[in-house]
Amino acid sequence: MSLSTQIMDEMKTAMRAKDTVALEALRAIKSEILLAQTATGSKEEITEDEEIKLLQKLVKTRKDSAKIFAEQNRMDLAEPELAQIAVIEKFLPAQLSEAEVEAIIEKIISEIGATGIAAMGKVMGLASAQLGGTAEGKTISTIVKKLLT
């Protein structure tokens, strides 16, 4: 089942349950999907990788917003953002733990024989491709820096 179909089904469920937070998050996903489809100039479905990147972007935006709201002691604004993150993350693949990500990156570094921070770009490229939507870019970057220094 495509992401668009899943979103529409979840929207119907959220409407019936009068769950405004979930509905708002689902509408944001639907909007981003439509924008991505029309950006190419055609109504073709976007690929699964593009869908994952789109969802990760939505989660990152909401995490950043929630962090700013929390720093400003505006929990009334931070809580809906955190609730929306939970709704969006249901559509993402399971995230790997930092230990699992570190093991994969160590394997990549040993395979290519990378030494020093100069090889970070090459390692990041391979790690990002291999880990796909299962780890955040920031987490990957932090672990690569730690292992190469």
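One structure accompanies this document, and this report is about it. This structure is a prediction, so every number in the text was calculated from the model and none was measured.

This next bit is on the nonpolar core. If you look at the biggest cluster of nonpolar residues, it comprises 21 residues, and the most contacted ones within it are Ile 7, Leu 26, Ile 29, Ile 33, Leu 55, Ile 88 and Phe 91. Only helix H1 (3-17), helix H2 (20-39), helix H3 (48-71) and helix H4 (75-89) provide two or more residues apiece to this core. Ignoring anything within four residues of it in the chain, the contact list for Ile 33 reads Leu 3, Ser 4, Ile 7, Ile 46 and Leu 54. Grouped together as the second largest cluster of nonpolar side chains are 16 residues, Ile 109, Val 123, Leu 131 and Leu 148 included.

A rise of 1.5 Å per residue sets the reference length of helix H7 (residues 137-148), with its 12 residues, at 16 Å; its end C-alpha atoms lie 16 Å apart and thus fit the reference within 8%. Looking at H7, one finds that the buried residues are Ile 140, Ser 141, Ile 143, Val 144 and Leu 148. Those residues of H7 that are buried are in contact with helix H5 (98-112) and helix H6 (120-131).

Under the criterion given, the structure shown has 6 salt bridges. Glu 10 is paired through a salt bridge with Lys 90; the nearest N and O atoms lie 3.5 Å apart. One end of the pair, Glu 10, is in helix H1; the other, Lys 90, is in the loop between H4 and H5, with 80 residues separating them in the sequence. Among the residues examined, Lys 90 registers a relative accessible area of 55% and is labelled exposed.

Glancing now at the environment of Gly 133. Mapped onto the elements of the fold, Gly 133 is located in the loop between H6 and H7. Taking the C-alpha atoms as reference points, Gly 133 and Asp 49, separated by 84 residues in sequence, lie 7.7 Å from one another. Those residues within four positions of Gly 133 in sequence are excluded, and the remaining contacts are Ile 52, Gln 56, Pro 93 and Gln 95.

What counts and what doesn't
Residues numbered from 1 in each chain as written. Predicted model: local features only at pLDDT ≥ 70, side-chain atom pairs only at ≥ 80, totals over all residues. Heavy atoms only, no water. Core = buried A, V, L, I, M, F, W, Y, C linked by side-chain atoms within 4.5 Å. Buried < 20%, exposed > 50% of the residue type's maximum accessible area, 1.4 Å probe, protein only. Helix = DSSP H or I, 4+ residues; strand = E, 2+ residues; numbered from the N terminus. Contact = heavy atoms within 4.5 Å. Expected span 1.5 Å × (residues − 1). Salt bridge = Lys/Arg side-chain N within 4 Å of Asp/Glu carboxyl O.

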